[in-house]
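Examining the three-dimensional arrangement
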Amino acid sequence: MENLHTPRLCIDGRTAHQFGPRSLLAQEVIDQLVSGYGEGKASSEWIEKKRTVLLAHPAQVFSGQLKRYDTKRKVSGSILYWLWEKAFAKNSNISRFHRFRSVDNLNPSLKIPTITTLLPSRGGLPFFISRRQNQEYVVPSVQDSKLLEKHYQIAQEQIHIFRPGTRRYVQFVEPLKHSGQGNILFLIADKKGGKDIKKLRKVFSQVYANIPQKIIRLKDSTNVSPALWMKILQNTKICVYLSSQPFDWGTLPLESLYWNVPTIFSDGNAALNELLQQSPLRLSQFLVDQPDFTELKTLARNAKEELETKGTFLPLNMAEQYCTLYREMGPPSGPDAPETECCN
């Protein structure tokens with residue numbers, strides 16, 4: 001074990017153990033942080049000085065060679081899990097903690113400074129979220145920030161709004177080749193979207209009578225790894241993303257737009273609505289205008305151009321934002337840590 005006074009950042013990447021849509025962000029952020037080594041704004045002293053340890057499941061694979069602490073213990077809101085996490089933080093001598101958690105699975109906070117990247121709920125919103133001053137939260141929209149402020153009385157200075165983005169793989173693979181045929185793909189991410197699906201399918205059948213329809217209900221077990229997701233998009237002519245959950249980072253619909261697939265999204269999706277304000281691709285506007293397929297492709301192309309100007313598709317988009325936040329924690333002092341330190 002290393003000296004207790006040596007700063008050490010732990011990133012908990014265990015939510016990336018599954019292939020589902022909720023797991024995408026943790027995997028991508030960690031991989032980008034490693035890939036950002038020496039890359040200007042995306043470069044973090046915490047990683048370069050080997051002051052970062054990765055808390056992971058033994059089966060997980062990440063880019064690079066971060067020091068790891070492997071455990072099969074699953075994250076939960078139970079008191080037993082909290083006691084385990086508290087003991088881990090103490091015995092590993094970590095001084096800062098960055099975790100990815102669904103908003104309804106937040107176990108009690110630790111004493112050390114903690115950054116929590118909030119993800120969509122598995123059920124409903126929790127009754128309580130810690131307001132302790134050593135807790136900071138990362139969210140994908142202003143609306144999510146206001147929810148934390150008004151509903152949970154969390155101070156504004158404890159909340160960070162990050163711009164959502166796509167996974168880096170889109171920059172390093174061959175352009176998507178659309179098949180001659182294609183579906184209208186309904187991605188249902190919450191109960192509200194599923195409730196309206198029958199009515200929506202009827203409308204889309206009327207507007208695009210010759211295009212078959214396909215439904216995917218997004219769960220944690222749904223495999224949306226890059227290879228499979230690209231294969232799905234190859235056979236998609238129109239994507240309809242039905243999610244109004246708070247803390248939804250919108251990775252899949254943003255990648256759909258990147259690959260020039262016309263993508264319509266729920267008005268209640270805060271992150272997408274703030275990225276594409278007053279967009280005709282909002283579901284409510286689409287139902288009023290009902291554009292033909294040629295018009296819809298033009299709207300999607302315009303949306304992609306707008307997202308490009310905002311840096312949504314930059315390959316180290318997330319790493320740059322997190323590195324800025326890590327720098328605010330203060331630089332790690334001392335020389336590079338030897339390989340034998342911490343969490344052995």
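Residues numbered from 1 in each chain as written. Predicted model: local features only at pLDDT ≥ 70, side-chain atom pairs only at ≥ 80, totals over all residues. Heavy atoms only, no water.

**Examining the sheet that holds strand E10 (residues 236-242)**
What links the strands of a sheet is backbone hydrogen bonding, and the strands pair in either a parallel or an antiparallel sense. The four strands lie next to each other as E9-E8-E10-E11, forming an open sheet whose pairing is parallel. Because the sheet does not close on itself, it has two edges, and the strands there are strand E9 (213-217) and strand E11 (263-265). In this sheet, neighbouring strand axes are inclined to one another by 20 degrees on average, regardless of whether the strands run parallel or antiparallel. Looking at chain direction, E10 and E11 are connected through three bridges and run parallel. Each residue of the ladder has a partner; that of Cys239, found in E11, is Thr263. Packed onto the sheet, helix H8 (residues 251-258) meets strand E8 (183-188), E10 and E11 and runs at close to 150 degrees relative to E11. (Pairing = 2+ DSSP bridges. Helix = DSSP H or I, 4+ residues; strand = E, 2+ residues; numbered from the N terminus. Axes fitted to C-alpha atoms, helices over the stretch in contact; angles between N-to-C directions. Contact = heavy atoms within 4.5 Å.)

**A short note on empty space enclosed by the protein**
Going through the model one piece at a time under the given rule, you end up with one cavity of 30 Å³ or more. Its boundaries defined by the atoms lining it, the largest cavity holds a volume of some 70 Å³. Lining the largest cavity, in full, are Leu24, Leu25, Glu28, Pro164, Gly165, Thr166, Arg167, Trp249, Thr251 and Met318. In terms of residue count, helix H1 (residues 24-35) provides more of the lining of the largest cavity than any other element does, three residues in total. (1 Å grid on protein atoms, 1.4 Å probe; cavity = no way out; pocket = protein on both sides within 12 Å on 5 of 7 lines; lining within 4 Å. Points joined across faces, edges and corners; volume = space filled by probe spheres on them.)

**A look at the layout of surface pockets**
Space inside the largest pocket adds up to approximately 660 Å³. Together, 32 residues line the largest pocket, and Arg22, Pro120, Ser121, Ala189 and Gln245 are the ones closest to its centre. For the lining of the largest pocket, the secondary structure elements donating two or more residues are H1, helix H5 (191-195) and H8. Per-element tally for the lining of the largest pocket: the top contributor is H8, with three residues. Classifying every residue of the lining of the largest pocket gives 16 nonpolar, seven polar and nine charged. (Nonpolar A, V, L, I, M, F, W, Y, C, P; charged D, E, K, R; others polar.)

**Points about the packing of aromatic side chains**
Two aromatic rings are characterised by how far apart their centres lie and by the angle between their planes. This model, assessed by the stated rule, comprises 12 aromatic pairs. Ring centres of Phe204 and Tyr208 lie 6.3 Å apart, and the angle between their planes is 40 degrees; this geometry places the pair in the tilted category. Taking the relative accessible area as the measure of exposure, Phe204 reaches 0% and is therefore buried. The buried category is assigned to Tyr208, whose relative accessible area is 5%. An aromatic cluster of three or more residues is present, and its members are Tyr69, Tyr81, Trp84 and Phe88. (Phe/Tyr/Trp six-rings, centres within 6.5 Å; stacked < 30°, edge-to-face > 60°. Buried < 20%, exposed > 50% of the residue type's maximum accessible area, 1.4 Å probe, protein only.)

**Observations regarding the environment of Asp248**
Relative to the helices and strands, Asp248 is located in the loop between E10 and H8. When its relative accessible area of 6% is taken as the criterion, Asp248 is described as buried. Put simply, Asp248 and Thr312 are 64 residues apart on the chain and 15 Å apart in space, counted from C-alpha to C-alpha. Residues contacting Asp248, with those up to four places away along its chain left out, are Pro120, Pro140, Tyr241, Ser243, Asn269 and Ala271.

**As for the side chain of Gln60**
Examined against the element boundaries, Gln60 turns out to sit in the loop between strand E2 (52-56) and strand E3 (67-70). Taking the relative accessible area as the measure of exposure, Gln60 reaches 6% and is therefore buried. Polar contacts involving the side chain of Gln60 include one to the main-chain amide nitrogen of His57, which spans 2.6 Å. (Polar contact = N/O pair within 3.5 Å; in protein donor to acceptor, adjacent residues only side chain to side chain.)

**Some remarks on a positive patch on the surface**
Positive charge collects at one region of the surface, where Lys86, Lys90, Lys111 and Arg132 lie side by side. Looking at where Lys86 falls in the secondary structure, it is placed in helix H3 (residues 79-91). (Patch = residues over 30% accessible without salt bridge, like charges linked within 9 Å, V, L, I, M, F, W, Y side chains within 5 Å. Areas by Shrake-Rupley, 256 points an atom, 1.4 Å probe, with all protein chains shown as cover. Salt bridge = Lys/Arg side-chain N within 4 Å of Asp/Glu carboxyl O. Lys, Arg positive; Asp, Glu negative; His and termini not counted. Charge placed at Lys NZ, Arg CZ, Asp CG, Glu CD.)

**With respect to the packing of H8 against helix H11 (residues 293-309)**
The interhelical angle for the contact between H8 and H11, taken along N-to-C directions, is 110 degrees, at an axis separation of 9 Å. Comparing their axes, H11 and H8 come out roughly perpendicular. The crossing of H8 and H11 is left-handed. Here Leu254, Leu257 and Tyr258 of H8 lie close against H11, whose contacting residues are Ala300, Ala303, Lys304 and Leu307. Partitioning the contact of H8 with H11 into residue classes produces six nonpolar, no polar and one charged. (Parallel < 35°, antiparallel > 145°, perpendicular 65-115°, else oblique. Left-handed = near helix turned anticlockwise from the far one by under 90°.)

Without other data, these values stay purely geometric and don't point to any function.
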